[in-house]
Amino acid sequence: MEKEEIFKEKLEEWKKVYEKSVSIMPERENIKTLSGISLKTFYSPLDLGDFDYFEKLGYPGIYPFTRGIHPTMYRSRYWTFREFSGFGDAIETNKRLKFLIEHGETGLSIAFDYPTLLGLDADNPLTKGEFGKAGVAINTLEDMQLMFDGISMKDISTSMTINGPAAIMWGFYIVAAETQGAKRSELRGTIQNDILKEYMAQKSFIFPPEPSLKLVIDTIEFGSKELPLWNPISISGYHIREAGATAVQEAAFTLANGLTYVEEAIKRGLDVDDFAYRLSFFFDSHIDFFEEIAKFRAIRRVWAKEMKRRFNPKKERSLWMRFHTQTAGVSLTAQQPENNIIRTTLEALAAVLGGTQSLHTNSMDEAWALPSEKAVMIALRTQQIIAEESGVANVVDPLGGSYYIEWLTDKIEEEIYKYFDKIEQIGGVIAGIKKGFFQREIAKSAYEFQKDIEEKRRILVGVNKYRIDEKLEIPILKVPDELEERHLARLKKFKEDRDFSKTEEALNRIKKYADEQNLMPYIIDAIKSKATLGEIVNALKEVWGEYIEPVIW
Amino acid sequence: MIKMRKIRVLIAKPGLDGHDRGAKVLARALMEEGFEVIYTGIHQTAEDIVRTAIEEDVDVIGLSILSGAHMYHFTRVLELMKKNNLNDVLLIGGGIVPTDDKEKLKNMGVAEIFMPGTPIKEISEFIRKNIKRPLE
Amino acid sequence: MINDVNNKMEISKLITKIENHDDELSTWAIKNIKGAQIIGITGVFGSGKSTIISKLALKYLAENKKVAILGIDPSSPFSGGAVLGDRIRMKELNKYDNVYVRSLSSRGKIGGLSYFTADVVNLFDALGYDIIIIETVGSGQDEVDIYNIAHTVVVIHVPTLGDEVQVIKAGQMEIGDIFVVNKADQGPADEKVREIETLITPKNNGWSPKIVKTVAIRNQNIDELKNLIDEHYKFLKENNLLKEKLILRIKYLIKQHLNYKLDNIMNSTLSDQIAEKLLKDKDVKSSVNELLKILGDNYGKGGNI
């Protein structure tokens with residue numbers, strides 16, 4: 001390092017000043033990032049040592065993409081404002097989608113209810129009490145068409161957060177768009193479809209790991225051939241983070257999952273350049289501002305490095321880390337909910353400074369219920385103000401070059417690689433899931449976080465400090481019961497009005513080819529033959545069985 | 001005399017909600033406070049839960065619900081508890097429950113619903129103070 | 001003493017009583033033992049014990065037998081609390097009335113079963129349950145304890161994945177009557193079978209331990225496992241070994257009750273005093289004898305320690 005001696009000499013001088021200062025004003029104890037990385041008082045060129053700009057950063061849009069995957073980033077186009085929405089039935093959700101588009105949302109993001117997420121139709125007794133509460137219920141092609149009534153599917157990109165039955169929901173979308181006159185090759189959007197993280201964190205799996213993975217690769221293969229503008233998977237760290245993981249664990253486990261999907265797709269015979277550019281990611285943006293920014297940058301760099309090293313793609317775009325971000329749900333408090341607006345703003349800002357392609361901002365009332373119209377409006381405005389007023393979108397990677405940020409980016413990268421080594425030692429991601437490795441790490445971090453809160457090593461404003469005696473005063477969204485009745489009536493009629501023999505034939509074909517062929521065409525066939533979500537999932541359950549997880553502490 | 005009796009707490013996730021971070025953290029923390037915690041995992045029906053409560057002779061049933069389906073599930077569990085004469089069992093809950101629903105549930109017989117962010121010690125103290133069978 | 005043996009609520013309260021020490025109930029249970037078949041299942045975390053037990057239970061239920069399942073988890077040596085999570089994989093049993101699942105903690109006995117686990121087993125026996133399955137973690141001491149209670153001990157293994165080293169513990173080889181390699185579709189199962197084969201020796205009573213591969217989650221080979229378990233029970237019966245096993249069980253029970261009394265004394269100030277005296281001017285032999293005398297006197301006088 002150049003002039004290292006001078007830096008060290010001056011540091012010794014600083015230490016004297018420091019000692020004097022802390023004898024009067026001591027520092028807080030144990031200053032760490034949210035993930036537990038210890039932080040020094042300040043960072044300087046000494047901490048970066050022989051920092052090679054082009055090895056570590058490069059210019060934006062060039063390998064290793066640390067500063068951004070595009071050369072101009074938000075100077076050309078802002079990130080997509082994409083608010084996660086859905087509740088009740090398709091008709092109700094259609095209204096909310098139109099409301100958001102009218103008020104400036106630039107991409108759609110659909111939240112489904114629990115029954116739908118688990119592949120259960122609303123008339124299944126197991127679903128009692130759950131209809132439309134956590135998202136929208138979509139059981140049939142008709143539901144999908146109603147949800148997009150008056151919205152041109154070829155002119156907007158839609159992200160659908162669904163995993164176990166993702167392939168089927170995608171089928172509904174494709175067929176619905178085609179009935180609107182769109183061509184498959186025009187459709188833009190994403191299905192989350194990331195089954196590996198379900199076993200680790202979110203737990204909305206249906207089938208066991210092996211067949212579930214096979215179905216995911218089916219979608220990647222199908223997408224690479226028929227829907228070049230669609231992201232058939234959103235490899236997610238958000239849920240892993242929300243389940244209790246640290247920033248490092250979120251990054252490491254997600255990247256490991258991503259690399260596993262790439263391996264599996266290549267085993268299937270696909271060329272990496274045919275599908276890699278359509279792998280998208282989804283991360284959390286939590287409340288430790290700088291840690292999150294550094295995390296996003298580290299993730300971009302590690303993904304590019306590993307993709308290059310392991311698979312050696314010919315096209316640059318196969319190395320791009322494209323991701324959507326959601327501000328951290330788990331950081332929202334039920335107490336003094338208006339404070340959540342501030343939290344969401346900081347988290348959104350971190351995501352933007354971290355170079356996200358798409359962003360969802362939480363509403364302040366989400367520790368109580370799904371967002372009310374007023375709350376989601378504020379969430380949307382948050383993004384618009386950051387984009388249009390604050391100036392942070394005017395320069396690419398504005399924090400690049402900060403000693404702290406570069407040091408922290410490197411540190412997070414280092415920790416990610418430590419996890420990569422561990423995962424390799426235990427035999428890879430799937431072996432790790434079966435052995436409970438990820439679940440254990442996550443549960444441990446969750447538990448330690450709780451202890452930190454209870455023992456006030458970590459402060460949550462309004463919860464363990466600055467508490468007030470309060471009565472909740474904000475309007476809360478309620479899902480009326482009539483929506484379920486309306487939906488069930490439609491479902492009944494839908495089933496009555498069809499030629500079930502055709503449906504049954506299509507379902508039988510799904511069962512026959514479940515393990516042998518790419519299921520997407522058969523799923524689409526079944527949808528055109530008026531099969532419901534639950535019926536298609538049941539057909540697959542008959543072949544693949546259902547998965548019951550072992551609980552890991 | 002070595003005291004044998006422990007307070008037994010059933011922690012269950014009714015319905016389809018798979019968010020188990022809170023339930024697992026609570027189970028482990030209550031264990032560290034000296035309780036015996038029976039954790040049933042996710043996807044439990046009210047029948048599953050009450051049957052477990054009977055067979056395990058629990059002092060407390062704790063339901064964790066973050067999916068919005070709390071009114072339905074608590075109502076079902078209360079019904080079955082009544083039907084089976086589980087009068088000496090405390091019913092509590094945690095998760096995402098708006099204030100007015102919380103009031104309704106408490107009037108129906110739920111002893112307390114704890115908001116996200118409630119310190120574990122508060123929950124364990126509440127349990128110790130409110131269990132209906134003495135510790136001897 | 002017991003009003004309705006089919007009332008689970010009543011049974012459940014009785015279990016709590018006997019688990020927390022009730023000499024009268026313990027005696028009643030022993031006197032009313034009907035001859036249940038007791039199966040001990042042990043194996044490390046992740047070996048699929050709970051799934052195997054659930055599938056086995058279904059088989060016995062199909063024969064119209066009443067099945068009791070005891071899941072044992074270790075208690076925390078610091079707080080005394082425990083997380084009892086064995087039920088999770090047994091949801092499919094909730095459809096049946098003739099099965100009873102109860103979770104027990106080791107209640108402070110590190111690595112073993114709680115003082116009165118054998119009494120709980122006897123209670124189920126007395127209440128007419130035909131099959132009693134006890135599941136433990138396989139940490140060492142509890143396997144020895146299981147050996148004293150169960151007719152048949154089943155040890156579950158899984159194929160070795162990747163680089164990890166799975167040690168087959170000496171104790172397991174001695175007490176196991178049947179060895180299972182579960183999750184046989186997930187790795188080199190035959191290798192694991194061979195590994196076990198090399199370590200097996202015939203038991204003193206003449207039984208040659210058997211090995212079986214299963215994939216419990218798909219119900220594969222559970223019939224074979226059940227047949228082996230029943231075969232072993234038949235072996236004991238035909239060789240007049242059931243009585244011997246019962247004596248072993250009761251001896252074990254008495255010892256546990258004795259341990260309870262002893263531990264009580266050792267927790268009291270009396271034992272502190274004895275320790276102080278030993279340090280001063282007493283000798284080991286007389287110290288121990290003094291303790292025995294206190295125990296004896298106490299009981300002679302109907303004392304309560």
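## Focus on the sheet that holds strand β8 (residues 279-285) of chain A
Residue and element names in this part refer to chain A.
1) Next: Overall, parallel pairing links the 5 strands, which are arranged β1-β10-β9-β8-β7 in an open sheet. Edge positions in the sheet fall to β1 (80-81) and β7 (233-236), since each has one partner strand and no second.
2) Next: As judged from the 4 bridges shared by β7 and β8, these two strands associate in the parallel manner. Each residue of the ladder has a partner; that of serine 234, found in β8, is serine 280.

## Quick look at the interface of chain C and chain B
1) Next: In this assembly, 36 residues from chain C lie in contact with 33 residues from chain B.
2) Next: Between chain C and chain B, roughly 2,900 Å² of surface is buried when both sides are summed, and carbon and sulfur atoms account for 50% of that area.
3) Next: When the buried surface of chain C facing chain B is broken down by residue, Met9, Arg87 and Arg107 of chain C rank first, second and third, together holding 19% of it.
4) Next: Applying the counting rule to chain C against chain B returns 7 salt bridges.
5) Next: Of the charged contacts in the structure, one is a salt bridge between lysine 13 of chain C and aspartate 88 of chain B, with a shortest N-O distance of 3.2 Å.
6) Next: Where chain C meets chain B, there are 25 residue pairs in polar contact (both at pLDDT 80 or more).
7) Next: When contributions to the side of chain C that touches chain B are tallied by element, the ones reaching two or more residues are α1 (8-19), β3 (82-84), β4 (99-105) and α9 (242-266) of chain C.
8) Next: Residues of the side of chain C that touches chain B, tallied by class, amount to 13 nonpolar, 14 polar and 9 charged.

## Considering the interface of chain B and chain A
1) Next: Every contact between the two is made by 35 residues of chain B and, on the other side, 38 residues of chain A.
2) Next: Taking both sides of the interface into account, the surface hidden between chain B and chain A amounts to around 3,100 Å²; carbon and sulfur atoms contribute 59%.
3) Next: Among the residues of chain B in contact with chain A, Leu16, Arg21 and Lys24 of chain B are the three that bury the most area, contributing 24% of the side total.
4) Next: Applying the counting rule to chain B against chain A returns 4 salt bridges.
5) Next: Note that lysine 478 of chain A is salt-bridged to aspartate 101 of chain B, the shortest N-O span being 3.1 Å.
6) Next: Along the contact surface separating chain B from chain A lie 13 residue pairs in polar contact (both at pLDDT 80 or more).
7) Next: At the level of secondary structure, the elements contributing two or more residues to the side of chain B that touches chain A comprise α1 (21-32), α3 (70-83), α4 (99-108) and α5 (120-130) of chain B.
8) Next: In terms of residues, the side of chain B that touches chain A owes the most to one element, α1 of chain B, which gives 7 residues.
9) Next: Classifying every residue of the side of chain B that touches chain A by side-chain character gives 16 nonpolar, 10 polar and 9 charged.

Quick notes on the rules
Residues numbered from 1 in each chain as written. Chains lettered and ligands numbered in written order. Predicted model: local features only at pLDDT ≥ 70, side-chain atom pairs only at ≥ 80, totals over all residues. Heavy atoms only, no water. Pairing = 2+ DSSP bridges. Helix = DSSP H or I, 4+ residues; strand = E, 2+ residues; numbered from the N terminus. Contact = heavy atoms within 4.5 Å. Buried area = accessible area lost by both parts, 1.4 Å probe. Salt bridge = Lys/Arg side-chain N within 4 Å of Asp/Glu carboxyl O. Polar contact = N/O pair within 3.5 Å; in protein donor to acceptor, adjacent residues only side chain to side chain. Nonpolar A, V, L, I, M, F, W, Y, C, P; charged D, E, K, R; others polar.

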